[in-house]
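# Observations on the three-dimensional arrangement
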Amino acid sequence: ACETLRIPCAERVSAKWGAARYLARRVAGRWLSMADLAEQVTAEALSALLPLEADPEALPALAGGTRPPGPADAPAVPLAPVEAPGPSPFVAALTGGLESADARTLDARLRRAVALERGMLARMGPRLLELARGGAYRALGFRSLDAYARERLGMAPRKARALVRLERACAASPALAAAWRSGTLTSSQAQALVAVVLAEGSARWVVAWIERAGRVTLRRLEDDVDYALATGDLDPASLPPLPGPPPIPDGPDPAGVQIGARPRHGRERSRVRIHAPVAVVRLLRASLFTIRRRIERRAGRASSPGEALEALLDHVLETWSQQEKPIPRAHRVFARDGWRCTVPGCSSYASLHAHHLRFRSAGGGEELANLTTLCAAHHLRGVHAPGPAGRIRIHGRAPERLRFETPLGTWGSGDVFRAPR
């Protein structure tokens, strides 16, 4: 069971939350969802709070609004068994001869399969939203929409909730609805744009965001949305040329392990929304209550949840951003490239290599402009693989002037599509 925690805060706290997500991916070595980030931040807060809180009654009673986890929802009426149908001609055409298919053939088949699924989801979305609004799933014998999606539709509950959220965004933005239903946007692209479409004051930029989705990879689109929401500037034309963490106003406090906040804080006009398992939300809420009490004891004044979250994030950012001195050359390359593979669309943060754009055997040097970050798979199997297996070629100067030539297209720095020469 999951729960949503909404914390009013100042705009700079939203920026710090985005920076914490960026650092958490680097620390974990993989892509993290919002729930994963909440768990990592909570664990880091508890590691600093528990040694300082000797009182066993330190954690207060939880505020109302939480629902204890119960047994998994199940339909009240058992479903009759249904015989599994045989493969349709469309599926047979997609799966036939896969052993001898090359990369372009596989890409074309996957695109056909994705187009079919997108069409089904676009037709299913409005009906699922209507079902959720009216609670009609109860009349069918289901206790929740999650149970209906899992048992009747064979769909993951998380996917059903995401589809309902997308339909709500489509109801608020005709431009997004037209792009989604016409096939201009894939399901993943549309889901990535939901947060910025639902943000206040974003209506005039929706068309520009849709156009940008067609020029960059999904990885870059998600980074751009996170950056825009953290900074509050929703104009995609103002995005930086290369992805990176959002700027942090004022920066974290440098004084050791300190769970405290500044006595002055701006008006809380923004909001951090955390959707995570109930146990994680409970621990995070309890940690914020503890931090608020410490702030009030030290400053002799009332504090807010947003101020407590800022104090928590200051500690997290300082702890996770500590670096060794002197910094190794490879680490300077990794830090410049965001501690992840620079191959367009790759989301790997683990097993990183520093790749020489001009090979050392061809006279390439150790300057940073001749080095870029690749994961082990793309480095050893994509660039340096012997024979025709080496399908990725990288030219130019790092980090702004790179060109990636792959069997499925040519891309530039920052995951931007480039027309082939």
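Up top is the structure these notes are about.
A few points on the structure. (Residues numbered from 1 in each chain as written. Predicted model: local features only at pLDDT ≥ 70, side-chain atom pairs only at ≥ 80, totals over all residues. Heavy atoms only, no water.)

Inspection of the entire model under this criterion finds three aromatic pairs. Taking the centre distance of 5.4 Å and the plane angle of 90° together, the rings of phenylalanine 142 and tyrosine 148 count as edge-to-face. Tyrosine 148 shares its class with phenylalanine 142; the two are buried. The ring of tryptophan 180 has arginine 118 sitting right over it, with the charged end atom 5.8 Å from the ring centre. (Phe/Tyr/Trp six-rings, centres within 6.5 Å; stacked < 30°, edge-to-face > 60°. Buried < 20%, exposed > 50% of the residue type's maximum accessible area, 1.4 Å probe, protein only. Lys NZ or Arg CZ within 6 Å of the ring centre and 35° of its normal.)

Side-chain pairing between opposite charges can occur once the charged atoms of the two side chains come close. Under the criterion given, the structure shown has 19 salt bridges. Lysine 16 serves as the salt-bridge partner of glutamate 310, at 3.0 Å between the closest nitrogen and oxygen. Separated by 294 residues along the polypeptide, glutamate 310 in helix H12 (residues 305-320) and lysine 16 in helix H1 (residues 11-28) bring together distant segments of the chain. Since its relative accessible area comes to 0%, lysine 16 is described here as buried. Notably, a salt bridge pairs aspartate 226 with arginine 25, separated by 3.9 Å at the nearest N-O pair. Linking aspartate 226 in helix H10 (residues 218-231) with arginine 25 in helix H1, this pair joins segments that are 201 residues apart in sequence. Judged by its relative accessible area of 27%, aspartate 226 is partly exposed. Judged by relative accessible area, arginine 25 falls into the buried class, the value being 5%. Each of Arg21, Arg25, Asp223, Asp226 and Arg340 takes part in a single network of salt bridges with overlapping partners. (Salt bridge = Lys/Arg side-chain N within 4 Å of Asp/Glu carboxyl O. Helix = DSSP H or I, 4+ residues; strand = E, 2+ residues; numbered from the N terminus.)

Moving on to the environment of valine 114. One can find valine 114 in helix H4 (residues 103-134). Placed 72 residues apart in sequence, valine 114 and threonine 186 show a C-alpha to C-alpha distance of 8.0 Å.

Further remarks concern the pairing of strand S4 (residues 371-375). Burial analysis of S4 places five of its five residues in the buried class, the great majority of the element. Pairing between strand S3 (residues 352-356) and S4: five bridges, direction antiparallel. Residue histidine 356 lies in a different strand from S4, and its bridge partner there is leucine 371. (Pairing = 2+ DSSP bridges.)

The set of residues buried in helix H14 (residues 376-383) consists of His379, Gly382 and Val383. Taken around the axis of H14, the buried residues stretch over an arc of 115°, which confines them to a single face. Residues of H14 that are buried sit in contact with S3, S4 and strand S5 (393-397). (Arc of directions from axis to C-beta. Contact = heavy atoms within 4.5 Å.)

Working definition: the covalent bond between the sulfur atoms of two cysteines is a disulfide. Taken as a whole, this structure holds zero disulfides when the rule is applied. Of all cysteine sulfurs in the structure, the one in cysteine 346 sits closest to cysteine 341, which takes part in no disulfide; the separation is 3.8 Å. The buried category is assigned to cysteine 341, whose relative accessible area is 1%. (Disulfide = S-S within 2.5 Å.)

Another point: the sheet that holds S5. In a beta sheet, neighbouring strands pair by backbone hydrogen bonds and run either parallel or antiparallel. Spatial strand order, S5-S6-S7-S8: four strands in an open sheet with antiparallel pairing. Strands at the two margins of the open sheet, each flanked by one partner only, are S5 and strand S8 (416-418). Averaged over all neighbouring strand pairs, the angle between strand axes comes to 25°, with direction disregarded. Relative to S8, strand S7 (residues 409-412) is paired through three bridges, and the arrangement is antiparallel. Its bridge partner lying in S8, glycine 412 is registered against valine 416. (Axes fitted to C-alpha atoms, helices over the stretch in contact; angles between N-to-C directions.)

Purely spatial values, then, with no claim about function.
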